[in-house]
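# Observations on the three-dimensional arrangement
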Amino acid sequence: MKTEVEEENVNLLLIDNMASVVQDEDKCRDVGDKGQLAEVPDLNLGELDLTSDEFILDEVDTHIQANLEDELVKEALKTGVDLRQYSKQVELELQHIEHVSIKDYIKESQNIASLHNQITACDEILERMECMLSSFQSDLSSISSEIHTLQEQSIAMNIKLKNRQSVRSELSQLVDELVVPNSMINIILETPVTEQEFLEQLHELNNKINYVKEQSFKETCACVDVQDILDRLKIKAVTKIREFILQKIYSFRKPMTNYQIPQNALLKYRFFYQFLLANERHIAKEIRDEYVDTMSKIYLSYFKSYTSRLMKVQYEEVADKDDLMGVEDTAKKGFFTKPSLKNRNTIFTLGNRGNVISSAELEAPILVPHAAQRSDVRYPFESLFRSQHYALLDNSCREYLFITDFFMVTGNSAQDLFNVILGKTLTMFLKHMDTYVSDCYDSIAIFLCIHIILRFKAIMAKRNIPAVDKYWDTLLDILWPRFEYILELNIQSIRNTDPQKLGSLDTRPHYITRRYAEFSSAIVSINQTFPNEKTNTLLGQLQIEVENFVLRMAAEFSSRKEQLIFLINNYDMMLGVLMERASDDSKEVEGFQQLLTARTQEFIEEILSPPFGGMIAFVKESEALIEKGQLEKLKGEEGRVTQLVRGFASTWKQSVENLSQDVMRSFTNFKNGTGIIQGALTQLIQYYHRFHKVLSQPPFKNMAVRSELINIHHLMVEVKKHKPNF
């Protein structure tokens with residue numbers, strides 16, 4: 001009811017206001033119509049006041065111009081409308097629109113009042129909501145402060161938890177490390193050291209001892225409680241370990257014992273020595289010294305015995321100072337000379353001796369002296385040397401790896417310990433080698449020993465074990481000078497050889513050149529893997545001396561033909577032997593190939609000279625005159641030409657046959673002899689072809705004897721009959 005009354009009052013008030021406004025407007029209009037003047041208050045026109053002194057007349061035109069550009073004004077001016085009348089019309093239209101709007105407003109007054117009531121109700125609702133939100137905001141503020149408090153409490157509790165966990169971890173580790181369980185005590189005291197559980201508890205004991213040492217520096221009071229029991233357990237463990245290791249070391253000394261078996265067993269318990277080294281260093285030193293002393297004596301005894309037994313299976317006949325390349329075969333023969341053994345090791349021939357440095361034999365099992373003695377088998381020195389030093393290599397590698405693993409040493413420390421163990425053995429080896437080499441004249445044996453060492457060095461470098469590198473170098477310092485000395489003795493022996501003291505002459509290859517060929521091919525083939533410049537230089541000197549010796553020997557023959565046969569036979573023999581072992585591009589092969597080719601060509605000219613010398617001389621003289629353009633000097637040679645043509649036609653077949661037989665009798669190498677025959681016949685055909693060309697020149701062109709010349713193709717067919725069928 002109250003709301004309806006309020007709405008009626010609002011409507012009445014609005015209606016009264018609108019009615020008063022309409023009455024006032026009507027009164028004003030009536031007064032204007034009656035021409036009565038009413039008091040009008042003064043108007044403040046501002047910039048539009050033309051009576052103002054401040055108005056600038058110059059701007060009037062600008063304003064008029066701007067008004068004239070208005071679209072409505074332009075339209076009114078175009079239609080010729082009176083502006084005053086037009087203004088009144090507009091004013092009336094505005095008044096009409098205003099009355100219509102007022103009526104519409106009055107008509108909708110009920111709705112407007114309802115809208116006003118609704119807005120008022122909404123304001124009340126919003127006010128209540130504002131109160132609720134304010135209350136909620138205050139509640140949230142209090143909740144936020146509570147959450148913040150809870151967060152601070154949570155952080156504090158988390159820190160306390162971490163601190164307690166940290167303390168618990170430290171205390172737990174401390175308690176675990178300090179507590180000595182009964183099981184550990186029983187195992188350390190009663191269990192044999194070879195049992196796995198003893199080794200495990202020894203690790204635990206070592207950890208506890210180290211931990212107590214660490215905590216004692218931090219002044220942890222609890223360490224005092226367990227120190228005594230740990231010391232007792234340590235003493236017991238050290239005692240048992242010492243007895244065990246010393247027992248193993250003493251077992252090495254038993255006769256016929258393979259020391260490598262207990263040595264491998266010790267590696268399983270390498271932690272024992274580590275425990276001693278960490279807790280009782282004087283006991284560790286005692287064990288180490290005992291091991292070093294024992295193994296040093298074992299190695300020295302073993303290798304001394306093995307070396308002496310090996311030397312008993314060496315060839316009885318060895319080279320001495322008279323076994324040089326330039327010494328004649330009959331020089332050593334006498335009434336008391338021993339007959340040569342069936343298996344005598346040759347001095348200058350390699351034979352199968354080179355197999356000792358092949359990969360198959362280099363790392364083959366070592367020789368067993370007593371087995372060789374039972375079988376009556378003998379070996380050259382290099383085979384004994386390989387077996388002896390391969391045993392040294394194998395034992396050195398094993399020993400070096402053992403001491404680095406068991407005694408935990410590396411670098412210089414490992415090398416020093418190794419030298420103490422095997423030093424006496426290596427010294428014994430060096431003395432033995434120095435004594436043997438000082439009286440050795442077998443250069444091939446020494447050279448093979450050098451290359452055995454070079455290969456053994458490579459093997460140890462591949463295994464990354466530098467234990468005996470210094471020993472190898474010292475051994476090479478002994479062998480290299482001796483090898484060079486023996487080589488120089490051989491060079492000097494060939495240089496001093498007197499051909500007249502070597503007995504009867506023979507065109508076959510000389511035994512001294514065969515010695516050189518065998519020796520040079522042996523050294524060259526061995527030297528290919530590890531070339532040495534000094535060796536190549538000495539071989540070059542030896543080759544020069546051998547070439548000079550061959551020339552001195554050839555000079556002992558009276559005829560040039562025999563000299564050439566001797567030279568060719570020796571060059572061919574040396575070249576054949578060298579090519580069996582040395583490469584085709586070696587200096588020795590190339591040098592003798594050139595010498596053989598030159599002497600072969602000279603020999604061909606020599607054997608063609610007796611049967612065909614006249615024709616050959618005529619061809620050379622005629623070609624020289626033709627080249628100089630002096631053909632007129634050939635005009636008086638018709639009779640000589642006739643004799644040469646008819647003589648060749650009648651004797652050439654028999655001469656070729658005799659030449660072929662003579663060559664085959666002169667040369668020991670059948671292949672070389674047939675090659676020389678082919679070369680001689682080829683040279684003969686070339687000379688005869690050149691003879692044909694000379695006779696085709698103007699001085700001889702019209703001679704009737706030309707018809708008696710043998711056809712070149714016929715000559716070639718006949719010559720092919722002497723070609724070998726291989």
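Further up the page is the structure itself.
For clarity, every value in this text was computed on a predicted model and none was experimentally measured.

## Some thoughts on the pattern of salt bridges
Note on pairing: side chains with opposite charge can pair once their charged atoms come close. For the coordinates displayed, the defined rule picks out 22 salt bridges. Here arginine 353 ties to aspartate 442 by a salt bridge, and the two come within 2.9 Å at their closest N and O atoms. Here arginine 353, found in the loop between α11 (281-311) and α12 (359-362), pairs with aspartate 442, found in the loop between α15 (411-438) and α16 (443-462); they are 89 residues apart in sequence, far enough to count as distant. When sorted by exposure, arginine 353 lands in the same class as aspartate 442, which is buried. The residue glutamate 708 makes a salt bridge to arginine 646 at a minimum N-O spacing of 3.1 Å. One end of the pair, glutamate 708, is in the loop between α23 (670-695) and α24 (712-720); the other, arginine 646, is in helix α22 (residues 638-666), with 62 residues separating them in the sequence. Judged by relative accessible area, which is 34%, glutamate 708 ranks as partly exposed. Each of Arg353, Glu382 and Asp442 takes part in salt bridges that share partners, so that together they form one network.

## Structural notes on the side chain of asparagine 672
Summarising the element assignment, asparagine 672 is placed in helix α23. Excluding residues that lie within four positions of it along the chain, asparagine 672 makes contacts with Ile568, Asp572 and Phe667.

## Some thoughts on the packing of aromatic side chains
How two aromatic rings sit relative to each other is given by the distance of their centres and the angle of their planes. Using the criterion set out here, one finds 37 aromatic pairs in the structure. Centre to centre, the rings of phenylalanine 348 and phenylalanine 519 are 6.4 Å apart; their planes meet at 80 degrees, and the pair counts as edge-to-face. On the criterion of sequence distance, the pair formed by phenylalanine 348 in the loop between α11 and α12 and phenylalanine 519 in helix α18 (residues 511-526) is long-range, its members being 171 residues apart. Judged by relative accessible area, phenylalanine 348 falls into the buried class, the value being 10%. Residue phenylalanine 519 is classed as buried on the basis of its relative accessible area of 0%. Relative to tyrosine 471, the ring of phenylalanine 429 has its centre 6.4 Å away and its plane inclined at 50 degrees; by these criteria the two rings are tilted. Here phenylalanine 429, found in helix α15, pairs with tyrosine 471, found in helix α17 (residues 469-495); they are 42 residues apart in sequence, far enough to count as distant. The exposure class assigned to phenylalanine 429 is buried, which follows from its relative accessible area of 0%. One aromatic cluster is present, formed by Tyr299, Tyr302, Phe303, Tyr306, Tyr390, Phe429, Phe456, Tyr471 and Trp472 through successive ring pairs. When the ring centre of tyrosine 441 is taken as origin, the NZ or CZ atom of arginine 482, which lies over that ring, is 4.8 Å away.

## A short note on the layout of surface pockets
By volume, the largest pocket amounts to about 880 Å³. Surrounding the largest pocket, 28 residues form its lining, Met256, Thr257, Tyr259, Ile298 and Tyr302 being those nearest its centre. Elements represented by at least two residues in the lining of the largest pocket include exactly α11, α13 (369-374) and α14 (381-406). Of all the elements, α11 adds the most residues to the lining of the largest pocket, at 9 residues. Of the residues contributing to the lining of the largest pocket, the split by class is 14 nonpolar, 8 polar and 6 charged.

## With respect to empty space enclosed by the protein
Empty space among the atoms becomes apparent when a probe as large as a water molecule is rolled across them. Counting across every chain of the model gives 1 cavity of 30 Å³ or more. The calculated volume of the largest cavity comes to roughly 30 Å³. Forming the walls of the largest cavity are Thr307, Leu310, Met311, Phe381, Leu384, Phe385, Gln388 and His432. Mapped by element, the contributors of at least two residues to the lining of the largest cavity are α11 and α14. With 4 residues, the top contributor of residues to the lining of the largest cavity is α14. Of the residues that constitute the lining of the largest cavity, the class distribution is 5 nonpolar, 3 polar and no charged.

Rules and cut-offs
Residues numbered from 1 in each chain as written. Predicted model: local features only at pLDDT ≥ 70, side-chain atom pairs only at ≥ 80, totals over all residues. Heavy atoms only, no water. Salt bridge = Lys/Arg side-chain N within 4 Å of Asp/Glu carboxyl O. Helix = DSSP H or I, 4+ residues; strand = E, 2+ residues; numbered from the N terminus. Buried < 20%, exposed > 50% of the residue type's maximum accessible area, 1.4 Å probe, protein only. Contact = heavy atoms within 4.5 Å. Phe/Tyr/Trp six-rings, centres within 6.5 Å; stacked < 30°, edge-to-face > 60°. Lys NZ or Arg CZ within 6 Å of the ring centre and 35° of its normal. 1 Å grid on protein atoms, 1.4 Å probe; cavity = no way out; pocket = protein on both sides within 12 Å on 5 of 7 lines; lining within 4 Å. Points joined across faces, edges and corners; volume = space filled by probe spheres on them. Nonpolar A, V, L, I, M, F, W, Y, C, P; charged D, E, K, R; others polar.

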